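A closer look at the structure
One letter stands for each residue in the lines below.
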Amino acid sequence: MTTLDPRTTALILIDLQDGIIPHAGGPRSGEDVVDTAKTLACRFRDAGAPVILVHVGFTPETMPSQNVDRPSLPAGGTPPEFSAFVPGLRRPGDIVVLKHHWGAFTGTDLDLQLRRRGVRTVVIAGISTNMGVESTARSAWELSYDVVIAEDACASRSAELHAFAIENIFPQIARVVASGDMALAAR
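The rules behind each value
Residues numbered from 1 in each chain as written. Predicted model: local features only at pLDDT ≥ 70, side-chain atom pairs only at ≥ 80, totals over all residues. Heavy atoms only, no water. Helix = DSSP H or I, 4+ residues; strand = E, 2+ residues; numbered from the N terminus. Expected span 1.5 Å × (residues − 1). Bend = angle between axes of the 7 residues up to and from the residue. Buried < 20%, exposed > 50% of the residue type's maximum accessible area, 1.4 Å probe, protein only. Contact = heavy atoms within 4.5 Å. Axes fitted to C-alpha atoms, helices over the stretch in contact; angles between N-to-C directions. Parallel < 35°, antiparallel > 145°, perpendicular 65-115°, else oblique. Nonpolar A, V, L, I, M, F, W, Y, C, P; charged D, E, K, R; others polar. Core = buried A, V, L, I, M, F, W, Y, C linked by side-chain atoms within 4.5 Å.

With that settled, consider helix H4 (residues 159–173). Its 15 residues place the ends of H4 21 Å apart at the C-alpha level, agreeing with the 21 Å of an ideal helix rising 1.5 Å per residue. Of all the bends in H4, the greatest, near 35°, is centred on Ile 166. Of the positions making up H4, those classed as buried are His 162, Ala 165, Ile 166, Ile 169, Phe 170 and Ile 173. Packing partners of the buried residues in H4 comprise helix H3 (129–142), strand E6 (146–155) and strand E7 (175–177).

The following block contains the structure:
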């Protein structure tokens with residue numbers, strides 16, 4: 001059991017939005033990730049720990065460089081409904097961060113929001129494990145946060161992409177834990 005102090009821990013949920021959920025292909029569906037994330041968010045809220053909901057959207061002005069070998073973003077940006085959180089996720093008091101890159105720290109006030117609240121540990125979950133979740137986890141670790149990945153509240157386009165991040169990247173920068181193996185208790 002991993003015990004986390006709700007006074008210094010926050011939950012960061014990545015891209016649980018209408019435009020991304022359908023693209024989760026493994027090792028679980030986007031709907032399963034959302035169900036697990038909603039349960040985890042309720043536990044954090046009940047313990048008085050911050051819940052941060054991160055969503056992504058692009059306009060031609062905010063889009064990262066598409067001068068890459070395999071562009072993946074629509075040239076005109078994303079429609080507004082793409083960024084809408086899945087129904088039932090957002091609650092009053094949640095912190096909302098709109099990002100324009102894979103990671104939730106780049107170009108946002110996420111670090112400031114966490115530091116103002118005395119957060120030292122972040123639990124990260126969402127879609128896609130090897131993109132938005134991994135990029136956010138890398139930045140959090142580089143900013144000296146203790147990082148925990150809620151493995152069962154993550155998915156990617158494929159089980160193989162998810163497994164690579166879980167088995168090879170996260171163990172070097174985070175603790176990988178099932179959401180049911182986390183306890184929120186003041187120390």
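There's more to say after this.
Our focus in this paragraph is unusual backbone geometry. The linkage connecting Gly 26 with the following residue, Pro 27, adopts the cis geometry, with an omega of 0°. Assignment of secondary structure puts Pro 27 in the loop between strand E2 (9–14) and helix H1 (30–47). Here the amide bond leading from Ile 127 into Ser 128 is cis, since omega sits at 15°, within 30 degrees of zero. Despite not being glycine, Asp 15 shows a phi value in the positive range, around 55°. Topologically, Asp 15 is positioned in the loop between E2 and H1. Here Asp 15 falls in the buried class, since its relative accessible area comes to 5%. Positive phi, close to 75°, is recorded for Ser 144, a residue that is not glycine. On the secondary structure map, Ser 144 appears in the loop between H3 and E6.

Okay, the packing of H3 against H4 next. With their axes 10 Å apart at the nearest point, H3 and H4 run at an angle of 5° to one another. Considered as vectors, H3 and H4 are oriented roughly parallel to each other. Contacts between H3 and H4 involve Thr 129, Asn 130, Val 133, Glu 134, Ala 137, Arg 138 and Trp 141 from the former and Leu 161, His 162, Ala 165, Ile 166, Ile 169, Phe 170, Gln 172 and Ile 173 from the latter. Tallied by class, residues from the contact of H3 with H4 come to nine nonpolar, four polar and two charged.

The next thing to look at is H3. Inspection of H3 places Thr 129, Gly 132, Val 133, Glu 134, Ser 135, Thr 136, Ala 137, Ser 139 and Ala 140 among the buried residues, and these make up the whole buried set. Of the surrounding secondary structure, the elements contacted by the buried residues of H3 are E2, strand E5 (121–127), E6 and H4.

Here we come to the environment of Pro 74. With respect to the element layout, Pro 74 can be found in the loop between strand E3 (51–56) and strand E4 (95–99). On the basis of relative accessibility, which here comes to 39%, the residue Pro 74 falls in the partly exposed class. A C-alpha to C-alpha distance of 15 Å links Pro 74 and His 23, two positions 51 residues apart in sequence.

A few words on the nonpolar core. Core analysis: the biggest nonpolar cluster contains 58 residues, and Leu 114, Ile 124 and Ile 149 have the highest contact counts within it. With seven residues, E6 is the largest single contributor of residues to this core. In this structure Ile 124 touches Ile 12, Ile 14, Val 133, Thr 136, Ala 137, Ala 140, Val 147, Val 148, Ile 149, Ala 150 and Cys 154, once residues within four positions along its chain are discounted.

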